[in-house]
Amino acid sequence: MYQWFVFAHVLGVFGFLLAHGTAAAVAFVLRRQREVERVRVLLDLSRGVTMVANVSLLVLLAAGITAGIMGNWWGQGWIWAALGLFILISVTMTLLGSRPFKRLRQFVDAGNPSRSETISHSSLDTYAEKQLAILLDATHPWLLAVIGGGGLVLILWLMMFKPF
């Protein structure tokens, strides 16, 4: 039975990486966009894979925790380090990744600012373009890739080699 939980854990990792990889690809493409409609479509694509990523994440956590109990691994340091690293990566990715994308989604969904009646049409376009550029520049896909990818490599190393 232990092997089935390990299998489910690895399957959850594959599902998570597949879905989250789509969101990561969107983050790299998104940074170069300057048209609101294209940004909106890319953000919709990113949001569309969220359910698969979240379900896969739950599977990998539940199966991993269960396999840890069944394998009697919770008395060893490597599993705690892997779980702690996973939590740290999740918090960091939320702060650096999700928040800027949430602000970007709010901006493209809101359309024009509420002050639009006091700004001429041409200056509103310029204002909106500048705001969009600022919000897009606040995304950091390379930083997120290094944190997420590097963190996953460390977790994999901990799980494979169980150094302590």
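This text follows the structure it describes.
Residues numbered from 1 in each chain as written. Predicted model: local features only at pLDDT ≥ 70, side-chain atom pairs only at ≥ 80, totals over all residues. Heavy atoms only, no water.

A complete count under the given rule lists 4 aromatic pairs for this structure. Where Phe-28 meets Trp-142, the ring centres are 4.8 Å apart and the plane angle is 75 degrees; that geometry is what we call edge-to-face. Of the two residues, Phe-28 is situated in helix α1 (residues 2-30) and Trp-142 in helix α6 (residues 141-161); the sequence distance between them amounts to 114 residues. Given the relative accessible area of 25%, Phe-28 is considered partly exposed. Here the aromatic rings of Trp-73 and Trp-78 are separated by 5.5 Å at their centres, their planes lie at 65 degrees, and the arrangement is edge-to-face. Directly above the ring of Trp-73 sits Lys-162, whose terminal nitrogen or CZ lies 5.0 Å from the centroid. (Phe/Tyr/Trp six-rings, centres within 6.5 Å; stacked < 30°, edge-to-face > 60°. Helix = DSSP H or I, 4+ residues; strand = E, 2+ residues; numbered from the N terminus. Buried < 20%, exposed > 50% of the residue type's maximum accessible area, 1.4 Å probe, protein only. Lys NZ or Arg CZ within 6 Å of the ring centre and 35° of its normal.)

Quick look at unusual backbone geometry now. Leaving glycine aside, a negative phi is the common case for residues, and trans is the common case for peptide bonds. With a phi angle near 55 degrees, Asn-72 is a residue other than glycine that sits in the positive phi range. With respect to the secondary-structure elements, Asn-72 resides in the loop between α3 (50-70) and α4 (77-110). For Asn-72, a relative accessible area of 64% gives the class exposed. Phi angles above zero are rare outside glycine, and Lys-162 is one such case at about 40 degrees. For Lys-162, the location among the structural elements is in the segment after α6.

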